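Structural overview for review
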Amino acid sequence: QTISVTIYNRWGQIEFFTEENSHTFEWNGTTTDGQILPTADYYFVISFIDQNNMADKTGIITLIR
């Protein structure tokens, strides 16, 4: 199973994206290229993809520095 994680800012711009084959994921509050993001609310989409199905989980995360 492949898991992709996309994190968006409040304007809908992608700040972070990763796609992994493991069930362990950590986000340290940075963009995909390592820039530190400010305190704010961010929106996430976690997609679980396997050969037969695809399911998304969505939500809001508040980053506090």
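We now turn to the structure provided with this report.

Analysis parameters
Residues numbered from 1 in each chain as written. Predicted model: local features only at pLDDT ≥ 70, side-chain atom pairs only at ≥ 80, totals over all residues. Heavy atoms only, no water. Helix = DSSP H or I, 4+ residues; strand = E, 2+ residues; numbered from the N terminus. Contact = heavy atoms within 4.5 Å. Polar contact = N/O pair within 3.5 Å; in protein donor to acceptor, adjacent residues only side chain to side chain. Pairing = 2+ DSSP bridges. Core = buried A, V, L, I, M, F, W, Y, C linked by side-chain atoms within 4.5 Å. Buried < 20%, exposed > 50% of the residue type's maximum accessible area, 1.4 Å probe, protein only. Phe/Tyr/Trp six-rings, centres within 6.5 Å; stacked < 30°, edge-to-face > 60°.

The subject of this paragraph is the environment of T18. You can see T18 is positioned in strand β2 (residues 14-20). Distance in space between the C-alpha atoms of T18 and S4 is 5.6 Å, their sequence separation being 14 residues. Residues in contact with T18, not counting those within four places in the same chain, are I3, S4, V5 and F25. Of the polar contacts made by the side chain of T18, one reaches the side chain of E20; its length is 3.2 Å.

Here strand β1 (residues 2-8) pairs with strand β3 (residues 40-49) via seven bridges, running antiparallel. Bridged to S4 within β3 is S47. Sheet topology note: the β3/strand β4 (residues 54-63) ladder contains 10 bridges and is antiparallel. Note on β4: the bridge partner recorded for I46 is K57.

On to the nonpolar core, then. I3, V5, I7, F16, W27, L37, Y42 and L63 together form the largest nonpolar core, which totals eight residues. The element best represented in this core is β1, accounting for three residues. Once you skip the residues sitting within four places of it in the chain, W27 turns out to touch I7, F16, L37, Y42, I61 and L63.

Counted according to the given criterion, the structure contains two aromatic pairs. On the basis of an interplanar angle of 50° and a centroid distance of 6.5 Å, the ring pair of F16 and W27 is categorised as tilted. Residue F16 is found in strand β2, and its partner W27 is found in the loop between β2 and β3; the two are separated by 11 residues along the sequence. When its relative accessible area of 11% is taken as the criterion, F16 is described as buried. The interplanar angle of 75° and the centroid separation of 6.0 Å between the aromatic rings of W27 and Y42 together place this pair among those described as edge-to-face. Pair noted here: W27 is in the loop between β2 and β3 and Y42 is in strand β3, with a separation of 15 residues, a long-range link. Each member of the pair, W27 as well as Y42, carries the same accessibility label: buried. An aromatic cluster is present here, built from F16, W27 and Y42 joined pairwise through their rings.

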